[in-house]
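Next come the chains, spelled out residue by residue.
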Amino acid sequence: MKVKCLIIGSGPAGYTAAIYVSRAGISNLLVEGHQPGGQLTTTTMIENFPGFPSGIDGFELMQNMRQQAINVGADVKSASVKTIDLAKRPFVALLDDETSVEADSVIIATGASARYLGLPDENKYAGQGVSACATCDGFFYRKRDVAVVGGGDTACEEATYLSNLCRKVYMIVRKDHLRAQSAMQKRVAERENIELIFNANTTGLFGEDGLDGAHLIINKGTENEQVRDIAINGFFLAIGHKPNTSFLAGQLELDEQGYIVTDKDSTATSVNGVFAAGDVANPRYRQAIAAAGTGCRAALDVEHFLNNQ
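In this report, we go over the structure that sits alongside the text. (Residues numbered from 1 in each chain as written. Predicted model: local features only at pLDDT ≥ 70, side-chain atom pairs only at ≥ 80, totals over all residues. Heavy atoms only, no water.)

## Quick look at the overall build of the protein
- When you go through the protein residue by residue, the secondary structure sums to seven helices and 19 strands.
- Over its C-alpha atoms the protein spans a radius of gyration of 21 Å, differing by no more than 12% from the 19 Å that the globule rule assigns to 309 residues.
- Each of the three principal axes of the protein carries a C-alpha extent, and together these read 65 × 40 × 35 Å.
- Here the protein holds 309 residues, and 49% of them are scored as buried.
- Partitioning the contacts of the protein with sequence separation of at least 6, the portion at a separation of at least 24 is 59%. (Helix = DSSP H or I, 4+ residues; strand = E, 2+ residues; numbered from the N terminus. Rg over C-alpha atoms; globule rule 2.2 N^0.38 Å. Buried < 20%, exposed > 50% of the residue type's maximum accessible area, 1.4 Å probe, protein only. Contact = heavy atoms within 4.5 Å.)

## Here we look at the packing of aromatic side chains
- In total, this model carries four aromatic pairs according to the counting rule given.
- The interplanar angle of 85 degrees and the centroid separation of 5.7 Å between the aromatic rings of Y141 and F236 together place this pair among those described as edge-to-face. Within this pair, whereas Y141 is found in the loop between α4 (134-137) and β11 (145-149), its partner F236 is found in strand β17 (residues 234-237), the two being separated by 95 residues in sequence. The same class applies to Y141 and to F236, which are both buried.
- Ring centres of F275 and F305 lie 6.0 Å apart, and the angle between their planes is 70 degrees; this geometry places the pair in the edge-to-face category. Linking F275 in strand β19 (residues 274-276) with F305 in helix α7 (residues 288-307), this pair joins segments that are 30 residues apart in sequence.
- Residue F275 is classed as buried on the basis of its relative accessible area of 6%.
- Since its relative accessible area comes to 8%, F305 is described here as buried. (Phe/Tyr/Trp six-rings, centres within 6.5 Å; stacked < 30°, edge-to-face > 60°.)

## Looking at helix α1 (residues 11-23)
- The end-to-end C-alpha distance of α1 is 18 Å, a good match for the 18 Å that 13 residues give at a rise of 1.5 Å each.
- Summarising burial for α1: 11 of the 13 residues are buried, a large majority.
- Every buried residue of α1 is accounted for by G11, P12, A13, G14, Y15, T16, A17, A18, I19, V21 and S22.
- Buried-residue contacts for α1 involve β1 (2-8), β2 (28-31), α2 (58-71), β8 (100-108) and α7.
- G25 occupies a position one or two residues after α1 and carries a positive phi of about 80 degrees. (Expected span 1.5 Å × (residues − 1).)

## Observations regarding the pairing of β8
- Extensive coverage of β8 is indicated by the burial of seven of its nine residues.
- Relative to β8, β1 runs parallel, the two sharing six bridges. Across the sheet, residue K2 finds its bridge partner in β8, namely E102.
- As paired elements, strand β7 (residues 91-95) and β8 share four bridges and run antiparallel to each other. Across the sheet, the residue bridging to A93 is V101, located in β8. (Pairing = 2+ DSSP bridges.)

## Description of the side chain of T16
- Along the chain, T16 turns up in helix α1.
- Setting aside residues up to four positions removed in sequence, T16 forms contacts with M65, A292, G295 and C296.

## Points about the sheet that holds strand β16 (residues 226-231)
- Spatial ordering of the open sheet is given by β14-β15-β16, a layout of three strands whose pairing is antiparallel. Unpaired on one side and paired on the other, β14 (200-206) and β16 mark the two borders of the sheet. Strand-to-strand twist of the sheet, defined as the mean angle between neighbouring strand axes without regard to direction, takes the value 25 degrees. (Axes fitted to C-alpha atoms, helices over the stretch in contact; angles between N-to-C directions.)

## Points about unusual backbone geometry
- Of note, the bond from R89 into P90 is cis; its omega dihedral lies within 30 degrees of zero at 0 degrees.
- Mapped onto the elements, P90 comes out in the loop between β6 (81-85) and β7.
- Non-glycine residue E98 carries a positive phi angle of around 70 degrees.
- Structurally, E98 can be placed in the loop between β7 and β8.

Now the structure itself:
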């Protein structure tokens, strides 16, 4: 199939781009990826997206954006891009259902995925206690003890959410302080069943028929170094993300962390006709409204690009 614009990835960036591209009368295909709607589909209540004074469920927000894109003419496909050739225009993408797509322009909005510690035990206990999504799996640990690894906004949000379900929530924080916004720190401090463990690193997990606990080392390399084991049934990772750019096979300029590099004043990438929006090109802000904004910008950049060809 042939389109004027191929949008790779969904979420606030992808769906917003599709809305703007469609309203501009540009034929397009949005390929949703393995997680349609992106990370917000695993978030419960979103309180900081403008227009919803009482907040809105993340899954509901993404469903609304998706439907809005379809309503204005976007062609949305539940598939993923296996490979894409950006060497010449039209660009050619091969989807995992073997569909071949030619496009005069591309918007990449594939987001970023959760990082893991790299412990062998994380694979051992995957699906048996280890998770990177509290809102997805927290229900299974009702009235049990769990741990959240991380000290940023995401970790605080995950811990706060789990504190409503679980008997005890440990926060394993590598530094001696939380990096989260003050509002998020306050929420954590107000929960009596959240215990903060600072200057701590997880060295392993243990358990016979599923996860029973974690081995920690606290104040490593100091005179106050100590080893501590905590009894937990759930171990939730909230230590950052890695951009989903592996399918690009080195065809675009990336920064040291693997995020797509864009022009200072636009969403244009190192390849003419290819644009990037959302978390895949922005490791700093990581907010739904910021991603939606870049989706709008990418669509406007595509319109300008196509009109000048």
